[in-house]
Amino acid sequence: MTTTLTQTEAAPKAGSPADPGAAVEPALSAESPPALSAESTTPAPGKVRRVASAAGSVVWKSAAILAFLALWELGPTYLASPSTRVFLPPLHEVLLAWGKLFEAGTIQGHITASLTRSVAGFGAALVAGVSLGLLIAWYGRLNSVLNPLLELFRNTAALALLPVFTLLLGIGEESKISIVAYAAFFPVLLNTIAGVKTVDPLLIRAARSLGLNSFRLFQKVILPSAVPTIFTGIRMAGTASILVLIAAEMVGAKAGLGYLIVNAQSSFLIPDMYAGILTVSLLGLGVNFLLVALERHFSRWRTAVGAAAS
């Protein structure tokens, strides 16, 4: 009969659920993690080389600083006389003094006072220096009028004018912020002028041939090309603002790192004095790193162009 099933058609397939005696292999669940091979757990040789190269570079760049710190620690103890050791304590004594000042909250108050004055003066110098520098570099007649006067004040040391600022503005915050702004103004101004004047003339001609007006030319060509030189002046101004402020705080101030240093010296607290000096150095280093990071951020187009060319 045509409706009769053959034996092969009626028999269930081996391993199917209909066959209770069939051996079914357990399926891997989605939650079971795959077995890790020995190759996946072993770091690639190239990665190991890169890590070793980076570590070696860090050690090499820090070698001079580490050697200086080791000399500071061991020199007063083993090389200097006992009388010299009184005025040049080893590094661990300075760090202990710094820790005591930190626990008492003294060093934080002096850092805050110095940073407030430095940032205020540096900010004023930055705005005035960049703005005036762009105007002088862009308009030649303005440069010929103001250049003699600027050269006169540029060659007058900021600390030489400290008594003038103190007499005119008093011993309060105004005189200290003003002397900082004066010291930081000229590095920003001169480097801004140099940055604008050293823009490649071919870039300017190319931009004008593309129909850019003066404002777009300044925005798209002049200012981006001058940024590295401007930031060189900004970094110099950042350093000058801290150094001049420390000197100003040593005269007629009741707070700040300069006051801490001179007060510790007059009170014969020599480790505290070196703790203040070390804080000034670290503060200047931190400001420099911050300005370098900002320079890289605003000069990203140069990195992109260099990468595309290579």
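Reading guide: rules and limits
- Just so you know, the residues in each chain are numbered from 1, in the order the chain's sequence is written.
- Whole-chain, interface and lining totals are the exception, using all residues; otherwise, since this is a predicted model, local features are given only for residues with pLDDT of at least 70 and side-chain atom pairs are given and counted only at 80 or more.
- Only hydrogens and water are set aside; all other atoms, that is, all heavy atoms of the structure, feed into the side-chain values.
- Secondary structure elements are defined from DSSP: runs of H or I of at least 4 residues count as helices, runs of E of at least 2 residues count as strands, and each element is numbered from the N terminus.
- Exposure is judged per residue with a 1.4 Å probe applied to protein chains only, and the accessible area is read against the type maximum: over 50% gives exposed, under 20% gives buried, and values in between give partly exposed.
- In this description, contact between two residues means that some pair of their heavy atoms is separated by no more than 4.5 Å.
- Surface exposure here means Shrake-Rupley accessible area, sampled with a 1.4 Å probe, where a residue is shielded only by the protein chains that are shown.
- To estimate how far a helix should extend, the number of its residues minus one is multiplied by 1.5 Å.
- Bend is computed residue by residue as the angle between axes fitted to the seven residues ending at the residue and the seven residues starting at it.
- Any Phe, Tyr or Trp ring, taking Trp's six-membered ring, that has another such ring centre within 6.5 Å forms a pair; planes under 30 degrees apart are called stacked, those over 60 apart edge-to-face, and the others tilted.
- We define a polar contact as two N or O atoms separated by no more than 3.5 Å, with the added condition that, inside protein, one atom must be a possible hydrogen donor and the other a possible acceptor, whereas residues neighbouring each other in sequence contribute only through side-chain atom pairs.
- Residues belong to one nonpolar core when they are buried, are Ala, Val, Leu, Ile, Met, Phe, Trp, Tyr or Cys, and are joined through side-chain atoms within 4.5 Å.
- Between the N-to-C directions of two axes lies an angle of 0 to 180 degrees, each axis being a line fitted to C-alpha atoms and, for a helix, fitted only over the stretch in contact.
- Orientation labels follow simple angle bins: below 35 degrees gives roughly parallel, above 145 gives roughly antiparallel, 65 to 115 gives roughly perpendicular, and whatever is left gives oblique.
- By convention the crossing between two helices is left-handed if the near helix lies anticlockwise of the far one by an angle smaller than a right angle, and right-handed if it lies clockwise.
- Any residue that is not Ala, Val, Leu, Ile, Met, Phe, Trp, Tyr, Cys, Pro, Asp, Glu, Lys or Arg is counted as polar, Gly included; the first ten are nonpolar and the last four charged.
- Salt bridges are defined as contacts in which a side-chain nitrogen from Lys or Arg sits within 4 Å of a carboxyl oxygen from Asp or Glu.

Novice: Account for the overall build of the protein chain, with residues named and values stated.
Specialist: Along its length, the protein chain carries 15 helices and zero strands. For the protein chain, the proportion of its 310 residues judged to be buried stands at 30%. Long-range contacts, defined here as pairs at least 24 residues apart, represent 69% of the contacts in the protein chain between residues at least 6 apart. As displayed, the protein chain offers around 20000 Å² of accessible surface, 69% of which is attributable to carbon and sulfur atoms.

Novice: I'd love a proper account of the side chain of D272, names of residues and values included.
Specialist: Position of D272 among the secondary structure elements: in helix α14 (residues 270-298). Excluding residues within four positions of it along the chain, D272 makes contact with A97, L101 and A264.

Novice: I'd like to hear about helix α8 (residues 140-154), residue by residue, with values.
Specialist: Note that an α-helix has 3.6 residues per turn; residues three or four places apart therefore point the same way. Its 15 residues place the ends of α8 19 Å apart at the C-alpha level, agreeing with the 21 Å of an ideal helix rising 1.5 Å per residue. Where α8 bends most, at L146, the angle is about 45 degrees, and the proline P148 comes one to four residues later.

Novice: Describe in detail the packing of aromatic side chains, supporting the description with residues and values.
Specialist: If you walk through the whole model with that rule in mind, you get seven aromatic pairs. With 5.9 Å between their ring centres and 90 degrees between their planes, F87 and F268 make a pair best called edge-to-face. With F87 in helix α5 (residues 82-87) and F268 in the loop between α13 (257-266) and α14, this pair connects stretches of sequence that are 181 residues apart. Geometrically, the ring pair formed by F185 and F186 is edge-to-face, given 5.1 Å between the ring centres and 75 degrees between the ring planes. Under the relative-accessibility criterion, F185 is labelled buried at 16%. Judged by relative accessible area, F186 falls into the buried class, the value being 10%.

Novice: Account for the side chain of S225, with residues named and values stated.
Specialist: The residue S225 is located in helix α12 (residues 214-249) in this model. Among the residues examined, S225 registers a relative accessible area of 14% and is labelled buried. Among the polar contacts listed, one links the side chain of S225 to the backbone oxygen of V221, at a separation of 2.8 Å.

Novice: Explain the nonpolar core to me, using residue names and the numbers behind them.
Specialist: By size, the foremost hydrophobic cluster in this structure holds 37 residues, and its most contacted members are I179, L189 and I234. Here the element with the most residues in this core is α12; it accounts for 13 residues.

Novice: Describe the packing of α12 against α14, with residues and values.
Specialist: Between α12 and α14, the shortest axis-to-axis distance is 10 Å and the interhelical angle comes to 165 degrees. Judged on the interaxial angle alone, α14 and α12 are roughly antiparallel. Crossing of α12 over α14 shows right-handed handedness. Contacts from V227, P228, F231, I234, R235, G238, I242 and I246 of α12 reach α14 at V280, L283, G284, V287, N288, L291, V292, L294, E295 and F298. When the residues that make up the contact of α12 with α14 are grouped by side-chain class, the tally is 13 nonpolar, three polar and two charged.

Novice: Quick one: what's the story with the pattern of salt bridges, residue by residue and with numbers?
Specialist: The tally for this structure, following the rule as stated, stands at four salt bridges. Between E249 and R117 there is a salt bridge; the shortest N-O distance is 2.7 Å. With E249 in helix α12 and R117 in helix α7 (residues 106-138), this pair connects stretches of sequence that are 132 residues apart. Residue E249 is classed as buried on the basis of its relative accessible area, which comes to 0%. According to the relative accessible area criterion, R117 is buried, its value standing at 5%. Taken together, the shared-partner salt bridges in this structure form one network comprising R117, E173 and E249.

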